[in-house]
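# Structural features, examined
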Amino acid sequence: MTINQTTIALAAVALLLAGCGEKKKEDVIITEKIVQKAPAQPVRMQDYTQTKTVEWLGKEYRCEVERSADDSLAMVKDENGQKYYDNRIRLTIRRADNTVFFQRSFTKKSFDACLDDDYRTSGVLEGLVFDKAEGNSLRFAASVSHPQTDEYIPIVVMVSRMGELTFSRDNTIE
């Protein structure tokens, strides 16, 4: 072996041994820092109106539901501090001659007996829709939800033929 070959061989062995050596371990873990966004302006749900004509007790009735954000109600906050306006919903039931049979405005407070503390403080009245005519009553479905989630408490609202109102938490799964 010549001196150049010997030098190259020794250099190769030295590199091989250096590569097999134990590397220094570090206890440093690199992650991205989560930057919490500042809450935006308070959020309003979009206003909506729904009208449904129904056959009930042999006559025609028109059920009108109007939802709008209400500045006079307390705002709610989600877990990130984002504020939301709560809603007011007005239900009007009209006879065929356009006279009012039943009219009432609802807020989340209207359904207080159906709610737990979490939904009382961080929920909003999301909706009210006609469900069906059921015997001597018209049945509606209401919901109080956590804003911008699929989490809600379903509530059954019944209006009797005498204009009496009852509601209860809907515990059935359809």
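In what follows, the structure referred to is the one given above.
The written sequence of each chain sets the order in which its residues are numbered from 1. Reporting of local features is limited, given that this is a predicted model, to residues whose pLDDT is at least 70; pairs of side-chain atoms are given and counted only at 80 or more, and all residues count toward the totals for whole chains, interfaces and linings. By convention in this description, side-chain values take in all heavy atoms of the structure and omit both hydrogens and water.

## Quick look at the overall build of the protein chain
Helix and strand assignments follow DSSP, with helices taken as H or I runs no shorter than four residues and strands as E runs no shorter than two, numbered in order from the N terminus. Summing up its helical and strand segments, the protein chain has two helices and 10 strands in all. Listing every helix and strand of the protein chain by position from the N terminus yields α-β-β-β-β-β-β-α-β-β-β-β. The proportion of buried residues among the 174 residues of the protein chain is 32%. Each accessible area value is a Shrake-Rupley result obtained with a 1.4 Å probe; residue values ignore everything except the protein chains displayed when judging cover. In the form shown here, the protein chain has an accessible surface area of approximately 12300 Å², with 51% of it arising from carbon and sulfur atoms. Accessible area is worked out with a 1.4 Å probe on protein chains only. A residue is then buried under 20% of its type maximum, exposed over 50%, and partly exposed in between.

## Things to note about the side chain of His-146
Examined against the element boundaries, His-146 turns out to sit in the loop between strand 8 (137–145) and strand 9 (152–160). Here a polar contact is recorded for every N or O atom pair within 3.5 Å, except that within protein the pair must consist of a potential hydrogen donor and a potential acceptor, and residues adjacent in sequence are included only if both atoms are side-chain atoms. Here the side chain of His-146 touches Ser-122 through a polar contact of 3.3 Å, side chain to side chain.

## Focus: the sheet that holds strand 5 (residues 87–95)
Pairing is antiparallel in the open sheet, where four strands are placed in the order 1-2-5-6. Each of the sheet's edge strands pairs with one partner strand only, and the pair in question is strand 1 (48–56) and strand 6 (100–106). On average, adjacent strands in this sheet sit at an angle of 15 degrees to one another, irrespective of strand direction. Only when DSSP finds a minimum of two bridges between them are two strands counted as paired. Looking at chain direction, strand 1 and strand 2 (residues 59–69) are connected through nine bridges and run antiparallel. By the bridge assignment for strand 2, Val-54 is matched with Tyr-61. To obtain an axis, a line is fitted to C-alpha atoms, over the contacting stretch when the element is a helix, and the angle between two such axes runs from 0 to 180 degrees between their N-to-C directions.

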